[in-house]
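Descriptive analysis of the structure
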Amino acid sequence: MVSHTIGYPERMPTATENPPKRNTTASSELVAGPAPFESWGRYPTYGAKILPLHWQGDFPAITTGIHDSALPVGMGRSYGDVCLLKDGNLLLTTGMNRLIAFDAETGLLTAEAGITLAQMLDFAVPRGFFLPVSPGTKYVTLGGAIANDIHGKNHHSAGTFGRHITEFELVRSDGSRLLCSPTENSEFYAATIGGLGLTGLINWATLRLKPIVSRMIDYESIQFHGIDEFLDLTDQSKDIEYTVSWIDCASTGKNFARGIFMQGDHSMRRDDLKLSPKPKLVFPFDAPGFALNHTTVSLFNAAFFHKQIHKRVVSLLDYEPFFYPLDKILHWNRMYGTRGLLQFQYVIPWDNAKEGTIAILHEVAKSGLASFLAVLKAFGDVPSPGMMSFPKPGITLALDFPIKPDKSFPLFGRLADMTREFGGRLYPAKDAAMTAPQFQSFYPQWEQFAHYRDPMLTSSFWERVTGDKPGI
Ligand SMILES: Cc1cc2nc3c(=O)[nH]c(=O)nc-3n(C[C@H](O)[C@H](O)[C@H](O)COP(=O)(O)OP(=O)(O)OC[C@H]3O[C@@H](n4cnc5c(N)ncnc54)[C@H](O)[C@@H]3O)c2cc1C
């Protein structure tokens, strides 16, 4: 296995100093995975030509003579088809992962867009800095994090990832380069954050890191029973930076909507800011399709809930298990077998958030399809900078399901319709199933967004939800 630790030279390399080789650190092993390029859900699977980028000038030159359309991609950690392009060209950015500049006074870090959050953390943590927003895995690229305008456990206080991007360079297929910030080319800044890779290639970006003095998190986990208790805990934790909940969505009756509320702040006690250990465990094979079923998931959920004997547990936890518990086992998506998994993530605004969440949880329990990973969180009201960003104030719930074609897709159709009735929307980064009418009602601004699309770039997602074919 190739080490995931990036070897940082004494000083920051510039793009022209590094030899033009494919990245041989984390990204090639952890990331691109076996050919063909797959998304994390391993559904759908499409053939595409992979064009690896190494230099900031590679695009659009690399597409000369190519008549099919293209799509920039990172680590393929999106679950569905936002990072896929059937029979097209995938501009693989993970070889473009150099650090460009860092200012320890301001915390501003500039890096090429193919760098992963894992690589940025390896650089930043020993220097006393942390990411302003972290998703549930650190194996995503800077460009991917911007293009999906990702959110984390601190959405209620920090908003989305894009809010912390001060500027980036966008390269269009006509060769033009736009410096984008809230004040310069601001319309492309807004269209590209959450813009699903369709407005151009993000070459590099500047991100504002936050200072820390310890790797540790002052952590508390609290059992809850039902959505009212979840909402009370959410209310009580407004001043805590990170909150997220695991919810048991297989149980009914008195155990309906029980869960564990997890909250934490960066510890203020000075501590050794050492590098993270390298991941050692790899999920070794594709599990058989029957391994995750209602019975095994219900047993897991009961065990997970009761693992915490006391209602409240307070501890000091390293940031790795707090932010990235799933990263401990590489390729854990193989647990779902070769058919893959579907993720369903909605946000429902506060007016209907409680009612909608209860109705959707009942629908899931009724379906007999149990979700192994169910994550519940309240989004705050910090506005998202992206025209197409997913988060808005309300409750968000993310559910993973193994694909059982006769059951999963009809369930997803019902859940998406319910989300629409409750005034919510689904997250494209997690989606492989929403229909064009559903997408267009979730994101009525999609036609306005389409004006900023690069004519060469498209994705299987975009074609699916708009019917829009590339204009080249
Ligand atoms: C275990 C797990 C946990 C997760 N937890 C969260 C979470 O808590 N919150 C959350 O918001 N998301 C979460 N995600 C989703 C993930 O953060 C996003 O899908 C992220 O965008 C993936 O980044 P990537 O580098 O893998 O990009 P890819 O999946 O390869 O691509 C994502 C999008 O970015 C575009 N893109 C990539 N690079 C560029 C570039 N240089 N220029 C322009 N466009 C580009 C692609 O075209 C595509 O549309 C999670 C995913 C996993 C597997």
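Cut-off values and rules
- Residues numbered from 1 in each chain as written.
- Predicted model: local features only at pLDDT ≥ 70, side-chain atom pairs only at ≥ 80, totals over all residues.
- Heavy atoms only, no water.
- Phe/Tyr/Trp six-rings, centres within 6.5 Å; stacked < 30°, edge-to-face > 60°.
- Helix = DSSP H or I, 4+ residues; strand = E, 2+ residues; numbered from the N terminus.
- Lys NZ or Arg CZ within 6 Å of the ring centre and 35° of its normal.
- Contact = heavy atoms within 4.5 Å.
- Near = heavy atom within 4 Å.
- Polar contact = N/O pair within 3.5 Å; in protein donor to acceptor, adjacent residues only side chain to side chain.
- Areas by Shrake-Rupley, 256 points an atom, 1.4 Å probe, with all protein chains shown as cover.
- Nonpolar A, V, L, I, M, F, W, Y, C, P; charged D, E, K, R; others polar.
- pLDDT = per-residue confidence, 0-100.
- Pairing = 2+ DSSP bridges.
- Axes fitted to C-alpha atoms, helices over the stretch in contact; angles between N-to-C directions.
- Core = buried A, V, L, I, M, F, W, Y, C linked by side-chain atoms within 4.5 Å.
- Buried < 20%, exposed > 50% of the residue type's maximum accessible area, 1.4 Å probe, protein only.
- Expected span 1.5 Å × (residues − 1).
- Arc of directions from axis to C-beta.

Some thoughts on the packing of aromatic side chains
- Within the structure shown, the criterion is met by 27 aromatic pairs.
- When the ring of Phe379 is compared with that of Phe390, the centres are 5.9 Å apart and the planes differ by 80°; the resulting orientation is edge-to-face. Of this pair, Phe379 sits in strand E18 (residues 374-379) while Phe390 is found in the loop between E18 and strand E19 (394-402), placing the two residues 11 residues apart along the sequence.
- One aromatic cluster in this structure is built from Phe130, Tyr219, Tyr242, Tyr319, Phe322, Phe323 and Tyr324.
- Its guanidinium or amino end placed over the ring of Phe322, Lys153 lies 5.5 Å from that ring's centre, counting from NZ or CZ.
- Sitting above the plane of the Phe305 ring, Arg258 keeps its charged end 4.7 Å from the centroid.

Details of the environment of Gly386
- Position of Gly386 among the secondary structure elements: in the loop between E18 and E19.
- Those residues within four positions of Gly386 in sequence are excluded, and the remaining contacts are Asp149, Ala190 and Ile193.

Some words on the site of the ligand
- The environment of the ligand is made up of 34 residues, and the closest members are Pro72, Arg77, Ser78, Thr141 and Tyr427.
- Note that an oxygen atom of the ligand is positioned 2.8 Å from one of the backbone N or O atoms of Gly74.
- Protein contacts shield 96% of the accessible area of the ligand, which totals 980 Å² for the unbound molecule.
- When residues of the shell around the ligand are traced back to their parent elements, those giving at least two are strand E2 (70-73), helix H4 (142-147) and strand E9 (201-208).
- Here the residues of the shell around the ligand are counted per class, giving 19 nonpolar, 13 polar and 2 charged.

Things to note about the confidence of the model for the protein chain
- Per-chain confidence: the protein chain averages 89 in pLDDT, with 90% of residues scoring 70 or above.
- Element-level pLDDT for the protein chain is lowest in helix H1 (residues 26-31), with a mean of 39, against a maximum mean of 99 in H4.
- Under a pLDDT of 50 for its full length, residues 1-34 has, in the predicted model, 84 contacts with residues more than four places off or in other chains.

As for the sheet that holds E2
- Ordered by their spatial adjacency, 3 strands build an open sheet running E1-E3-E2, and the pairing between neighbours is parallel. The open sheet has two free edges, formed respectively by strand E1 (49-52) and E2, since each of these has just one partner strand. Within this sheet the neighbouring strands show an average axis-to-axis angle of 30°, counted without direction.
- Inspection of the sheet shows E2 paired to strand E3 (residues 89-92) by 4 bridges, in the parallel sense. If you follow Val73 over to E3, its bridge partner there is Leu92.

Some remarks on the pairing of strand E4 (residues 99-103)
- Pairing analysis gives 4 bridges linking E4 to strand E5 (residues 108-112), with the strands arranged antiparallel. Bridge pairing in E5 links Leu99 to Ala111.
- Where E4 folds back on E5, the antiparallel hairpin that results is connected by 4 residues, among which Gly107 adopts a positive phi of roughly 80°.

What about the side chain of Ser371?
- Along the polypeptide, Ser371 turns up in the loop between helix H10 (350-367) and E18.
- Looking at Ser371, its side chain comes within polar contact range of the main-chain oxygen of Leu373, at 3.1 Å.
- A distance of 2.9 Å separates a polar atom in the side chain of Ser371 from the backbone oxygen of Asp400.
- With near-sequence residues (within four places) excluded, Ser371 lies in contact with Cys249, Val297, Asn301, Leu399, Asp400 and Phe401.

Structural notes on the nonpolar core
- Ranked by size, the top nonpolar core spans 111 residues in total, and within it Phe130, Leu131, Leu142, Phe161, Ile165, Phe168 and Phe439 carry the most contacts.
- The residues contacting Leu131, other than those within four sequence positions of it, are Leu117, Met120, Leu121, Leu207, Leu209, Lys210 and Tyr324.
- Tyr79, Met335, Tyr336 and Leu373 belong to the second-largest nonpolar core, a separate cluster that totals 12 residues.

Structural notes on helix H11 (residues 405-421)
- The end-to-end C-alpha separation of H11 is 24 Å, in line with the 24 Å expected for 17 residues at 1.5 Å each.
- Those residues of H11 not exposed but buried are Ser408, Leu411, Phe412, Leu415, Ala416, Met418 and Thr419. Buried residues of H11, viewed axially, fall in a sector of 160°; they line one side. Of the exposed residues in H11, those oriented more than 90 degrees away from the buried face are Asp406 and Glu421.
- Against strand E17 (341-349), H10, E19, strand E20 (425-426) and helix H12 (436-442) lie the buried residues of H11.

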